[in-house]
Amino acid sequence: MDSSVAKQQATAGRTVTAEETYIRSELEQRRERLRAVLHSSAADATLLNFLTAVDAALRRFDQGTFGICETCHESIEADRLLGDPLVRFCLDHLTIAEQRALETDLSLAARIQRALLPKPDFAPAGWDVRFHYQPAGMVSGDYCDLLETDNGLLFMLGDVSGKGVAASMLMSHLRATFRSLAEASLPFGRMVEDANRIFCESTLAGQFATLIVGRAKTDGTVEFVSAGHLPLLHLHSDGATPKESTGVPLGMFCNSRFPVHQFTLAQGDAVFLYTDGLTEARNRTGQEYGLDRIRTRMACLSRSAPDALISTCIEDWISFSEGLKQTDDLTLLVMRRKEQDRQDRLLL
Ligand SMILES: [Zn+2]
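Residues numbered from 1 in each chain as written. Predicted model: local features only at pLDDT ≥ 70, side-chain atom pairs only at ≥ 80, totals over all residues. Heavy atoms only, no water.

A. Structural detail: the sheet that holds strand β3 (residues 152–160). Strands sit in the order β2-β3-β4-β5-β8 across an open sheet of five strands; the sheet is antiparallel. With one partner strand each, in any of the chains shown, β2 (142–149) and β8 (261–264) form the two edges of the open sheet. Across the sheet, the mean angle from the axis of one strand to that of its neighbour is 15°, orientation sign disregarded. As judged from the four bridges shared by strand β5 (residues 221–227) and β8, these two strands associate in the antiparallel manner. Bridge assignment links E223 to a residue of β8, and that residue is Q262. Contacts between helix α6 (residues 164–183) and the sheet are confined to β2, β3 and β4 (209–216), with β2 contributing the most and set at about 15° to the helix. The sheet contacts of helix α7 (residues 188–201) involve β3, β4 and β5, and relative to β4 the element is tilted by about 155°. (Pairing = 2+ DSSP bridges. Helix = DSSP H or I, 4+ residues; strand = E, 2+ residues; numbered from the N terminus. Axes fitted to C-alpha atoms, helices over the stretch in contact; angles between N-to-C directions. Contact = heavy atoms within 4.5 Å.)

Put into C-alpha cells, the structure is as follows:
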C-alpha cells in the first residue's frame, strides 16, 4: 500500500512533505548535538566529518536539492532518506561497497522480520492455523501475528502504509505494541484503542496501518475489529461470508473508537484473512484480482484444510498474475476451528 505523503518525492520547487519537515528538524538537532560534543575536550575527530555531512544535508534543503540523487538527479527512495538523511545517491547509483553494505543490512533486516512471525509449527489448542508471508522486496510492511492468551487466540493481520524498510519498522512497532497490550488483559476494544493511540503518537503524518485484530475462543466465538482493512472471510459449509470493515485505519486519528463485532464459528468453520497484495494484483490486461474472485475461490474451498486452502489461493494468484513481477507484499492467514470428534479421536 502506498502512502500519498511518501509518494511526494523531493523535486525542486515542490511542496515540502511532512517527512521532509521531520528530517530537517532531525538534522538540525543532530547538528546541535554534534557541535556541543565537538566543544568538549573528549571529542572524536570523526565527529567533525559527521558535522560536515549534516551541514551539507541542511544546505541541500536550502538549495532545494535535498533527496535528489547526485548522479541521475532523480528522487532518492523516501524510506532510505527516513532511515539515513545523509544519503546522496539513489539505489541505482551507489558505489559497489555501498551496495554490498546495503544488501547485508537488508538481508539482516529480512531475517529479523522473519523471526517476528508466528512459528510455522504454532499449534494453538482447538485451532488449525496456517499463514503465508511473501514480501515484494527484501522486507515487508505486512503484519501477521498469532498469540495464545488466557482469553483466547489473538490474531492480527494488517498492512502498513508504504513499502520497504520504513514500513517494516512500523510493522515491528505494531507487533511489539499489540504483544505488550495483550499481556495487560484489557477489554478487547480498549486494547485496540490503546494500540491506535500509541501507533498514532509514534508515526508521521500519512503513515497508518489497515488491520484486523481478533480474538477467537475454543467455543467458536470470534470478536474482531477491522481498522479499514479488507473484508474478513468467514468460511462455512455454505460458502464464504465477508465481514466488512467498520473502523478507520490505525494511526489516522489518535482518539478513534473501533466497533467490536462478533460471530460464531461452527466446528470446521474457518476465518480467512489477506492483504491487498492478493486483491490488488493485476494481470497483463491491467485487470485487478479483486474481492469477488477471492470470495468465489474461498467459497468452493470452504471445507479444505488450511494448508490446501493457502496453496490453492497462491496457485490461483500466480496464474492470474501471468508472470508479472509481484508489486506489493502478500500475506494470507487461515484459522480453522477443529472439529470436536476429530480432537477427541486424536486424544484417544
Ligand atoms: Zn541516481
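B. View of the sheet that holds strand β7 (residues 239–243). Read across the sheet, five strands follow the order β1-β10-β9-β6-β7 without closing on themselves; strand pairing throughout is antiparallel. Because the sheet does not close on itself, it has two edges, and the strands there are β1 (127–134) and β7. Each strand of the sheet is rotated relative to its neighbour by a mean of 15°, with strand direction disregarded. Taken strand by strand, helix α10 (residues 306–321) contacts β1, β6 (232–236), β9 (270–274) and β10 (330–337), and its axis lies near 150° from that of β10.

C. Inspection of the nonpolar core at higher detail. Counting 46 residues, the largest nonpolar core has F155, L174, F178 and L250 as its most contacted members. At seven residues, the largest contribution of residues to this core is made by α6. The residues contacting F155, other than those within four sequence positions of it, are D145, L146, I212, V213, G214, R215, A216, V222, V271, L273, L333 and M335. In terms of nonpolar packing, the next biggest core, distinct from the first, is built from 22 residues, L230, L301, I314 and V334 among them. (Core = buried A, V, L, I, M, F, W, Y, C linked by side-chain atoms within 4.5 Å. Buried < 20%, exposed > 50% of the residue type's maximum accessible area, 1.4 Å probe, protein only.)

D. Spotlight on a nonpolar patch on the surface. There is a patch of nonpolar side chains on the surface, built from V248, M252 and F253 and spanning about 260 Å² of accessible area. Mapped onto the elements of the fold, V248 is located in the loop between β7 and β8. Residue classification places V248 among the partly exposed positions, given a relative accessible area of 31%. (Patch = residues over 30% accessible without salt bridge, like charges linked within 9 Å, V, L, I, M, F, W, Y side chains within 5 Å. Areas by Shrake-Rupley, 256 points an atom, 1.4 Å probe, with all protein chains shown as cover. Salt bridge = Lys/Arg side-chain N within 4 Å of Asp/Glu carboxyl O.)

E. Geometry of the coordination of the zinc ion. Within the protein, the zinc ion binds to C69 (SG), C72 (SG), C90 (SG) and H93 (ND1); these donor distances fall in the range 2.1 to 2.3 Å. Geometry at the zinc ion is tetrahedral, judged from the four donor atoms that bind it and their angles of 91 to 122° at the metal. For C69, a relative accessible area of 1% translates into the label buried. (Donors = N, O, S within 2.8 Å, 3.2 Å for Na, K, Ca; no water. Tetrahedral: all angles 85-135°; square planar, octahedral: opposite > 155°, others 65-115°.)

F. Structural view of unusual backbone geometry. Even without glycine at this site, H73 takes up a positive phi of about 65°. Along the chain, H73 falls in the loop between α3 (45–63) and α4 (78–83). Given the relative accessible area of 57%, H73 is considered exposed. The phi dihedral of E322 falls on the positive side, at around 50°, and the residue is not glycine.

G. Representation of the packing of aromatic side chains. Per the stated rule, a full pass over the model turns up five aromatic pairs. For the pair F224 and F263, a centre-to-centre distance of 5.8 Å together with 80° between the ring planes defines the contact as edge-to-face. You can see F224 sitting in strand β5 and its partner F263 sitting in strand β8, a full 39 residues away along the chain. Taking 5.5 Å as the distance between ring centres and 25° as the angle between the ring planes, the aromatic pair formed by F272 and Y274 counts as stacked. The same class applies to F272 as to Y274, namely buried. It is K243 that lies over the ring of F263; its NZ or CZ is 4.6 Å from the centre. (Phe/Tyr/Trp six-rings, centres within 6.5 Å; stacked < 30°, edge-to-face > 60°. Lys NZ or Arg CZ within 6 Å of the ring centre and 35° of its normal.)

H. Summary view of the pairing of β3. Along β3, nine of the nine residues are buried, which leaves the element largely enclosed by surrounding structure. Relative to β3, β2 is paired through eight bridges, and the arrangement is antiparallel. The residue bridging E148 from the neighbouring strand is L153, located in β3. Hairpin remark: β2 followed by β3, antiparallel, with two residues in the connecting loop. Bridge count between β3 and β4: eight bridges; the pairing is antiparallel. From the neighbouring strand, L153 faces β4, where its bridge partner is A216.

I. Broad picture of the side chain of S302. Considering the arrangement of structural elements, one finds S302 in the loop between α9 (291–300) and α10. S302 sits in the buried class, given a relative accessible area of 4%.

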